[in-house]
Amino acid sequence: MSEELPPPGAADKERAADADAWATATAEDLAAEKERRRAEYGPPPGSAAEELRRLVDTVADKLSGLQAPLLGPVAGTAAQQVVRQVVQQAKAAVEPVIERNPDVFDHLAAAGGELLAAYRSAVQQQEQRWTSKADAPRDARATGDQDTSDDEDGPDAGPGQRIDLD
């Protein structure tokens, strides 16, 4: 046989090179996809604590930059100084709380999302009841019903009408 066998260990080196190439290509694809999404959608949102910190910084910057044209130049400068001092005190009070309890803000954000979902569900259910009543025939005699106590066009209909929120 004229075929030569590769030296021992060459196959392992080739497999390792293939695995490294695969890992490198995957990492490059992932980085390119992240960059594309960042360019399309902007930076991903941070944790709730980071977002609160950014909000406090933005509000502080806006308040510090406010001008008081009605108070005049001297009173305006004094007012700006007071605003800056209050903003710095607020930031000094908020920052340690954010540092010590970053997970609390994530939990609060999740709880707020749950409350919003519950409210949205209740509103949608009530809207469905209102629209189903609006689609129903208003004349009970046309449907054969004799009970007209809940008839919206009855003598008691008006702005004082009770709305069932259940």
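Here, the structure is the one placed above.
Report follows, based on the coordinates.

About the criteria used
- Residues numbered from 1 in each chain as written.
- Predicted model: local features only at pLDDT ≥ 70, side-chain atom pairs only at ≥ 80, totals over all residues.
- Heavy atoms only, no water.
- Helix = DSSP H or I, 4+ residues; strand = E, 2+ residues; numbered from the N terminus.
- Polar contact = N/O pair within 3.5 Å; in protein donor to acceptor, adjacent residues only side chain to side chain.
- Salt bridge = Lys/Arg side-chain N within 4 Å of Asp/Glu carboxyl O.

On to the environment of E40. Within the element layout of this structure, E40 appears in helix α1 (residues 10–41). A polar atom in the side chain of E40 sits 2.8 Å from the side chain of R36.

All right, on to the pattern of salt bridges then. Inspection of every chain in the model, using the stated rule, returns eight salt bridges. The residue E33 makes a salt bridge to R36 at a minimum N-O spacing of 2.6 Å. Residue E33 and its partner R36 are both found in helix α1; the two are separated by three residues, about one turn of the helix. For R37, the salt bridge goes to E33, with nearest N and O atoms at 3.0 Å. Taken as a pair, R37 and E33 lie in helix α1 at a separation of four residues, close to a single helical turn. One network of salt bridges, with partners in common, ties together E33, R36, R37 and E40.

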